[in-house]
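Structural description and commentary
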4 protein chains.
Amino acid sequence: MNTWGRGIRLSIFGESHGAAVGMVVDGLPAGERIDAEELRREMQRRAPGRDAFSTARREADAAEILSGVKDGRTTGAPICGLIRNGDARSGDYDGSLRPGHADWTALLKYGGHADMRGGGHFSGRLTAPLVFAGAMAKQVLGRLGVGVYGRIVAIGDAADEETPQGELAWRALSGLQFPASAPAAARMRAAAGAARAEGDSVGGIVEVAAFGVPGGVGDPFFASAESVVASLLFSIPAVKGVEFGDGFRLAGMRGSEANDELFVEEGVIRSRTNRNGGILGGITNGMPLIARAACKPTPSIAREQRTVDPADMTETTLAIKGRHDPCIVLRAVPVVEAALALGVLDCILVGRMEAR
Amino acid sequence: MNTWGRGIRLSIFGESHGAAVGMVVDGLPAGERIDAEELRREMQRRAPGRDAFSTARREADAAEILSGVKDGRTTGAPICGLIRNGDARSGDYDGSLRPGHADWTALLKYGGHADMRGGGHFSGRLTAPLVFAGAMAKQVLGRLGVGVYGRIVAIGDAADEETPQGELAWRALSGLQFPASAPAAARMRAAAGAARAEGDSVGGIVEVAAFGVPGGVGDPFFASAESVVASLLFSIPAVKGVEFGDGFRLAGMRGSEANDELFVEEGVIRSRTNRNGGILGGITNGMPLIARAACKPTPSIAREQRTVDPADMTETTLAIKGRHDPCIVLRAVPVVEAALALGVLDCILVGRMEAR
Amino acid sequence: MNTWGRGIRLSIFGESHGAAVGMVVDGLPAGERIDAEELRREMQRRAPGRDAFSTARREADAAEILSGVKDGRTTGAPICGLIRNGDARSGDYDGSLRPGHADWTALLKYGGHADMRGGGHFSGRLTAPLVFAGAMAKQVLGRLGVGVYGRIVAIGDAADEETPQGELAWRALSGLQFPASAPAAARMRAAAGAARAEGDSVGGIVEVAAFGVPGGVGDPFFASAESVVASLLFSIPAVKGVEFGDGFRLAGMRGSEANDELFVEEGVIRSRTNRNGGILGGITNGMPLIARAACKPTPSIAREQRTVDPADMTETTLAIKGRHDPCIVLRAVPVVEAALALGVLDCILVGRMEAR
Amino acid sequence: MNTWGRGIRLSIFGESHGAAVGMVVDGLPAGERIDAEELRREMQRRAPGRDAFSTARREADAAEILSGVKDGRTTGAPICGLIRNGDARSGDYDGSLRPGHADWTALLKYGGHADMRGGGHFSGRLTAPLVFAGAMAKQVLGRLGVGVYGRIVAIGDAADEETPQGELAWRALSGLQFPASAPAAARMRAAAGAARAEGDSVGGIVEVAAFGVPGGVGDPFFASAESVVASLLFSIPAVKGVEFGDGFRLAGMRGSEANDELFVEEGVIRSRTNRNGGILGGITNGMPLIARAACKPTPSIAREQRTVDPADMTETTLAIKGRHDPCIVLRAVPVVEAALALGVLDCILVGRMEAR
């Protein structure tokens, strides 16, 4: 279904080579200032052409707000944001199923009816409205004292060994054009460059953090903060793994190591470590909320792959032409941040219902 | 919120040391046979006392069906299953916050009002109704040709290097009292035993597979098969990481490796590898659906930990008394299977709405 | 589906002649006092045997709270309330479809699988858990300054011409054993008595009012206060019509009559009349919220009716044996109140999310 | 919330004097033909300027489909329909609260932040996207053999005494420019004309029928067919009362009259009368589904009314200038039909999940 959220309600729509992509978001409180310039900046972080490894497609990515905002403030009514598609070249991508793409599953689900030009509704282009909604959520969160930041942890086998400590370090890192420590960034760029040189692509890991999240939001079980955030993270086309805090590394630990010990600081309970990523029992504890998303490599590659032509069910080979990002991890950072921002804001809004 | 699902609707309720735990599940088609003996067997797989590493608490774990089933078949009305609590020792767990537990966050969210005896509503005991619902889902799935299996991939640093190939191998492995290859099982038991000997606990990884899932179910974005299944997996108290297919390992791969190449077998498109875990673009492709869940170590340990007594906000230490599982990974296997079964059944039911 | 609500979440389950009926309600704030005696009183208002016109079936209707309440206060966890079925006589109601009952539609939907003994899941007995949930909602509302009251407007053609003015009058009327003005009550009892004497039944209209509802809750369109409350009112088996304020009478009015003119009283805007029943544009205005529900006559009557035996699809006649209420309108009053209370509380809770 | 539905998911957005109004609908099966000309015709039925009693505002009401439809067929992806606002005169409606309007409640809910120009998000103009979505639902329903029709039952005190019998009669009546029997139509027009002549407005009742609805869709309790349809009908700004079948008239009947007796016709069970409007126990029985909606008079009238200026909380009078519909009942007919069509389609889609 195209709708997400209990406090906020987010719908997205559109196809890569159709008229437009867009979103409707409802539930933001009335009277919130929306900084259009800041929205534009966030959209630019996701836009193609940002560095040497992104597609040449020239998307204006200028989002038009059609409703729900007046004189720069939310009115309380649903907000529709529309991003017209400009440079769409139909005719691309016809014929054989692209391995690793949704071509195959769209065929299974929709018969021949899906509009798969450019990936259609499955395209990474649909993450633009997600970033748009996330950027509004970030502005609301900012006024609640919550900051959301992202960084690249790894591209291929090039990992960043340095972990930022504290909100200032996260903010500085996240603000970089390439949000990784300098030596790691160089190795990551090299990994992406090597993939491109070989007509290939490469995946990576994005880590996001939310500072200032109030303790006590989220729920046990089905609406755990992890469930809420993960359901959005797994909505991002490339994401195949999600972890919170030390995540999969916790599986290898002893309890005495994994349990974050507690102390009191300025009258507030805090934990000495944050291996649980700010969430216990599905509920936030006031420590930074930390999540990681594993992004698979872009499936569109120039190298020849074995596949099937569904028209006659024959096996064939395919070498995808045109320019494609050898690595979408850099562009994925604001998308993963948007998912975290929307998830956290939803938990905060829902939490207001339960206050006495 | 305590309710999950769009096709099926699952609610759970109860506290560890209250009168009962239970669930209400709605949306199962009418006329489905419910094998009570099979339900009992599934409940036993999760029950404590199953091996040397589980708590001595004697839960009958006998579930009473109060509604929605008549003469061994579903009636179409909501099914309530109730599991009375027997051996509840109130008085346990009072005082200081147990590190790694929800004591801290429950205090933040509910003030002093939560019933935290034995972990209360946050207790692993709440996974019993989840297994109960999952066991019914499995029976419905079985008649649709879908089999759901689980195994232990790792406990602590003891990993199982052998991966089962094909449904028969999965079924055999999953049916073992300790579902891991023999040499790995020995190392895993040793790891759990060592943790216990040191008053500590240890985490692990559970992998589950669903064979026979029809292609074309699930949705792009917010109701992706990954989002649906992950939202349930992250409802399980101990789970801090979830991945599908090769998950985090995909982040380190090239596209040419991560893309599953396609071929035709008996008139059906299939992939040579299954690195995407049976899901592309949020929609199933007919290959086995594979998911992994990382379980953190049980937070209840005998070793002394530093913590806080919220009554007077003083720092103190805590050594949790009583017998506690040094490793809940074995008992988590049917819980993770239940989550997968419920997620897959929900996707299948929802998919029926979209058929022409 | 068996689940309702966005702020609170209510599930009901059970069958008339099964083991039990019950409900799970989640989302009530933690720490709310639950007065068990008051719960019992509300349940008694709906219980059979309350007057000469209700069935002789002896339901204890004693509800057991299984979870979510400790030491007389909500814990924040889901609350399960269970009402065991006592005096269930299986064997009743077999064979031909009872006209006006759900026998026919249950057959269409569930095949022969539904448990239709005593009306099964469709029985008016399922309104007991609704009253139980509503009684808890009323207690929470009471502490928010909201009072919910009900009265009988008509039974058959016996209408109450007097309309209570103000909360005190509503409270006094609602507290009567038979909540109607004395002369109307006499005519209403006579109408019910006459129906019974002829082996027949009779319908009626219940009106409910909520005083003290804060202005500004509810939403335009799909979650209008009318939509929220009506969706619950139409869940009550007998209800076939719902109106707010002057409802259908507004259709015959001029705008100059229907528009409630405004004035200022003690610094607050109020309206001189309340023809819109406290709701404009789906949002409450602080005036009393007024709703009416039309209840059809009990379909179970002793008079012979023409019907069909689905076993062999032959036409036949049916005279329903046993004692049946000739009029359920009196017992419906607390049910309609419960629906209003739950609807209003849900709107209030949801409104908290939108506050700045 | 701006989202409705479980099988289909409908979101609406927009303000009367903003850039656009529109909707996103998801869940329609892929491959459904969408007849654009038919869509346009439905939109015209709701458009202003249709007769002497509707506003002069020239809305093109041309809806642009931005996504989800390709080559005249649904793709399975969400469909966004956009209706740009043309002739918007800001500056209207400023100042005092218009009695009977949402001005008052929007102020309570959103503070001064709502965009109330022309009624803003509360405007009847928002019913245009509802009709647009309903028109698509009708096309899908048509191919399932379901026909949806509407008529005017009353305007003010001018009632239509003739009830159409059978689908052909309903179709013929519904297709009229003014869907009422000729003598009633003359009286209704006179009633509207008289109201206008006096600077006033008048309300009315719309009845809608769905023929061919399969038996066995809908659910007991919270998702009863009545609850589903009523929640949409009460989303229509002017609607203050909803009834199914004989509705409020059932309250005055005996059971022997209200119970629809059954017989067998061509191997199918049918009822001799249809006082229950095609629904028993929340589930359809295959008889025509009949619903009525009471529309209050347009609150915008030229006659002077007493009201309050919220800027300084002073009492004042208001005579609303400009041309306003003295009666919106005629334009409401396609809106009420749309609500029924969407409700019925949702029930049908949801019912597919429960089939064995």
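Conventions we followed
Residues numbered from 1 in each chain as written. Chains lettered and ligands numbered in written order. Predicted model: local features only at pLDDT ≥ 70, side-chain atom pairs only at ≥ 80, totals over all residues. Heavy atoms only, no water. Helix = DSSP H or I, 4+ residues; strand = E, 2+ residues; numbered from the N terminus. Rg over C-alpha atoms; globule rule 2.2 N^0.38 Å. Contact = heavy atoms within 4.5 Å. Areas by Shrake-Rupley, 256 points an atom, 1.4 Å probe, with all protein chains shown as cover. Expected span 1.5 Å × (residues − 1). Buried < 20%, exposed > 50% of the residue type's maximum accessible area, 1.4 Å probe, protein only. Least-squares fit on C-alpha atoms with pLDDT ≥ 70 in both. Axes fitted to C-alpha atoms, helices over the stretch in contact; angles between N-to-C directions. Left-handed = near helix turned anticlockwise from the far one by under 90°. Buried area = accessible area lost by both parts, 1.4 Å probe. Salt bridge = Lys/Arg side-chain N within 4 Å of Asp/Glu carboxyl O. Pairing = 2+ DSSP bridges. Parallel < 35°, antiparallel > 145°, perpendicular 65-115°, else oblique. Nonpolar A, V, L, I, M, F, W, Y, C, P; charged D, E, K, R; others polar. Phe/Tyr/Trp six-rings, centres within 6.5 Å; stacked < 30°, edge-to-face > 60°.

1. Observations regarding the overall build of chain A
Secondary structure assignment for chain A yields eight helices and 18 strands. Relative to its length of 356 residues, chain A is compact, with a C-alpha radius of gyration of 21 Å against a globular reference of 21 Å. Once the C-alpha set of chain A is aligned to its principal axes, its extents read approximately 70 × 50 × 35 Å. Expressed as a percentage of contacts within chain A between residues at least 6 apart in sequence, the contacts between residues at least 24 apart total 70%. Carbon and sulfur atoms make up 51% of the accessible area of chain A, which totals about 10900 Å².

2. Some details on helix α8 (residues 329–354) of chain A
For α8 of chain A, built from 26 residues, the straight-helix expectation of 38 Å at 1.5 Å per residue is met to within 8% by its first-to-last C-alpha distance of 38 Å. For α8 of chain A, the buried fraction is high: 25 of the 26 residues fall into the buried class.

3. Thoughts on the relation of the copies chain A and chain B
The two chain copies are connected by a rotation around an axis plus a translation along it. Superposing chain A onto chain B takes a rotation of 180° plus a shift of 0.0 Å along the axis, which leaves an RMSD of 0.0 Å. Such a turn and shift between the copies fits a two-fold axis. Interface overlap between copies is the fraction of interface residues in one copy that are interface residues in the other; for chain A against chain B it reaches 100%, indicating a shared surface.

4. What to know about the packing of helix α6 (residues 225–233) of chain B against helix α8 (residues 329–354) of chain B
Angle between the axes and distance between the axes: these two values describe a pair of packed helices. All names here are of chain B. For the pair α6 and α8, the least separation of the axes is 9 Å and the interaxial angle reads 145°. Both α6 and α8 take part in a crossing whose hand is right-handed. Between α6, through Ala225, Val228, Val229, Leu232 and Leu233, and α8, the contact on the second element is made entirely by Val336, Ala339, Leu340, Leu342, Gly343, Asp346 and Cys347.

5. Description of the interface of chain A and chain B
Each side of the interface is counted separately: chain A has 104 residues, and chain B has 104 residues. Of the roughly 8500 Å² buried between chain A and chain B on both sides combined, carbon and sulfur atoms contribute 63%. When the buried surface of chain A facing chain B is broken down by residue, Trp104, Phe221 and Phe222 of chain A rank first, second and third, together holding 11% of it. Connecting chain A to chain B are 14 salt bridges.

6. Let's talk about the pairing of strand β7 (residues 79–84) of chain C
Residues and elements named next belong to chain C. With five of six residues buried, β7 lies mostly within the body of the structure. Examined bridge by bridge, strand β3 (residues 20–26) and β7 share six bridges and lie antiparallel to one another. Residue pairing in the sheet places valine 24 in a bridge with cysteine 80 of β7. Relative to β7, strand β4 (residues 63–65) runs antiparallel, the two sharing three bridges. From the neighbouring strand, isoleucine 65 faces β7, where its bridge partner is glycine 81.

7. Quick look at the packing of helix α3 (residues 127–143) of chain A against α8 of chain A
All names here are of chain A. Put simply, α3 and α8 touch, their axes get as near as 8 Å, and they point 50° apart. Our classification of the angle between α3 and α8 gives oblique. Relative to α8, the crossing made by α3 is left-handed. Only Pro334, Val335, Glu337, Ala338, Ala341, Leu342, Val344, Leu345 and Ile348 of α8 make contact with α3, whose side of the interface consists of Thr127, Leu130, Val131, Ala133, Gly134, Ala137, Lys138, Val140 and Leu141. The class makeup of the residues in the contact of α3 with α8 is 14 nonpolar, two polar and two charged.

8. A look at the sheet that holds strand β10 (residues 204–211) of chain D
Spatial strand order, β9(C)-β8(C)-β10(C)-β16(C)-β11(C)-β11(D)-β16(D)-β10(D)-β8(D)-β9(D): 10 strands in an open sheet with antiparallel pairing. Strand pairing shows two members of the sheet lacking a second neighbour, β9 (158–159) of chain C together with β9 (158–159) of chain D, which therefore form its edges. Both strand β11 (residues 239–244) of chain C and strand β11 (residues 239–244) of chain D contribute to a ladder of three bridges, which runs antiparallel. What sits directly across from glutamate 243 of chain C, in β11 of chain D, is glycine 241 of chain D. Running over the sheet, helix α4 (residues 166–174) of chain C touches β8 (147–155), β10 (204–211) and β16 (289–295) of chain C and is turned about 65° from β8 of chain C.

9. Brief notes about the packing of aromatic side chains
Residue and element names in this part refer to chain A. All told, the structure shown has 14 aromatic pairs over all chains when counted by the stated rule. Here tyrosine 149 and phenylalanine 211 contribute two aromatic rings whose centre-to-centre distance is 6.1 Å and whose plane-to-plane angle is 55°, an arrangement assigned as tilted. Remark: phenylalanine 211 occurs in strand β10 (residues 204–211) and tyrosine 149 occurs in strand β8 (residues 147–155); sequence separation between them is 62 residues. Here tyrosine 149 and phenylalanine 211 have matching classes, each one buried.

10. Points about the interface of chain A and chain D
In many analyses, interface size is given as the accessible surface area lost on bringing the parts together. Residue-level contacts link 39 residues of chain A with 39 residues of chain D. Carbon and sulfur atoms supply 63% of the area buried between chain A and chain D, which totals about 2900 Å² over both sides. Our count for the contact surface shared by chain A and chain D stands at two salt bridges. Glutamate 64 of chain A serves as the salt-bridge partner of arginine 84 of chain D, at 3.2 Å between the closest nitrogen and oxygen. Sorting the residues of the side of chain A that touches chain D by element identifies β2 (9–14), β3 (20–26), β6 (73–74) and β7 (79–84) of chain A as the ones contributing at least two each. Tallying contributions element by element places β2 of chain A first for the side of chain A that touches chain D, with five residues. A class-by-class count of the residues in the side of chain A that touches chain D yields 15 nonpolar, 14 polar and 10 charged.

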